[in-house]
Amino acid sequence: MRAGHNPLKDDAVLFDMYMHALTEVLGKDEIRSALDEVDVSANQMRHMLVSDAGRVLALAPEEFAAYQAARTSAVYDGSVAATAPARATCPAGRPGPGGQQRA
């Protein structure tokens, strides 16, 4: 991944899944309480985590590498356009673009 590159800009599905995960985590009482203790709002934290998503995703190196390999493979085999945001099928039970559930 290029330094400073945000992978959320390239893939609408990844963006949707990332935002869903942030909403879940930042909505937990214990997280809100911890943020209050350091005088950081949930929205400030969301902004920081979205802005630095490349580094955040790199903290799960095996999972992110698998995602990147699958995306590269999909672009290579033509199932996803290289210049357009990926619209791959989400795993079962995960929200897809626009919030719809995948079977």
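To start, this report covers the structure provided alongside it. (Residues numbered from 1 in each chain as written. Predicted model: local features only at pLDDT ≥ 70, side-chain atom pairs only at ≥ 80, totals over all residues. Heavy atoms only, no water.)

For the rest of this paragraph, the subject is unusual backbone geometry. In this structure, Asp-39 is a non-glycine residue whose phi angle is positive, near 60°. Assignment of secondary structure puts Asp-39 in the loop between helix H2 (29-37) and helix H3 (42-51). By relative accessible area, Asp-39 is classed as exposed at 69%. (Helix = DSSP H or I, 4+ residues; strand = E, 2+ residues; numbered from the N terminus. Buried < 20%, exposed > 50% of the residue type's maximum accessible area, 1.4 Å probe, protein only.)

Before going further, it helps to spend a moment on the packing of aromatic side chains. Counted by the stated rule, this structure contains one aromatic pair. On the basis of an interplanar angle of 20° and a centroid distance of 5.5 Å, the ring pair of Phe-64 and Tyr-67 is categorised as stacked. In this pair, Phe-64 and Tyr-67 both sit in helix H5 (residues 61-76), three residues apart, roughly one turn of the helix. Phe-64 sits in the buried class, given a relative accessible area of 8%. Tyr-67 gets classed as partly exposed once you look at its relative accessible area, which sits at 22%. (Phe/Tyr/Trp six-rings, centres within 6.5 Å; stacked < 30°, edge-to-face > 60°.)

Okay, the side chain of Asp-11 next. Relative to the helices and strands, Asp-11 resides in the segment before helix H1 (12-26). Of the polar contacts made by the side chain of Asp-11, one reaches the backbone nitrogen of Val-13; its length is 2.9 Å. Among the polar contacts made by the side chain of Asp-11, one reaches the main-chain amide nitrogen of Leu-14 at a distance of 3.1 Å. (Polar contact = N/O pair within 3.5 Å; in protein donor to acceptor, adjacent residues only side chain to side chain.)

Glancing now at the nonpolar core. Within the largest apolar cluster, 11 residues are counted, these being Leu-8, Leu-14, Tyr-18, Leu-22, Leu-26, Leu-35, Val-40, Ala-42, Ala-53, Leu-57 and Phe-64. If you list the elements that add at least two residues to this core, you get H1 and helix H4 (53-58). Ranked by residue count, the leading element in this core is H1, at four residues. Aside from chain neighbours lying at most four places away, what touches Leu-8 is Leu-14, Phe-15, Tyr-18, Val-50 and Ala-53. (Core = buried A, V, L, I, M, F, W, Y, C linked by side-chain atoms within 4.5 Å. Contact = heavy atoms within 4.5 Å.)

For H1, with 15 residues, the first-to-last C-alpha span of 21 Å sits near the 21 Å given by 1.5 Å per residue. The set of residues buried in H1 consists of Ala-12, Val-13, Leu-14, Met-17, Tyr-18, Leu-22 and Leu-26. Where H1 begins, the capping side chain belongs to Asp-11, and its oxygen is found 2.9 Å from the backbone nitrogen of Val-13. (Expected span 1.5 Å × (residues − 1).)

The values reported here are purely geometric and, on their own, carry no functional implication.
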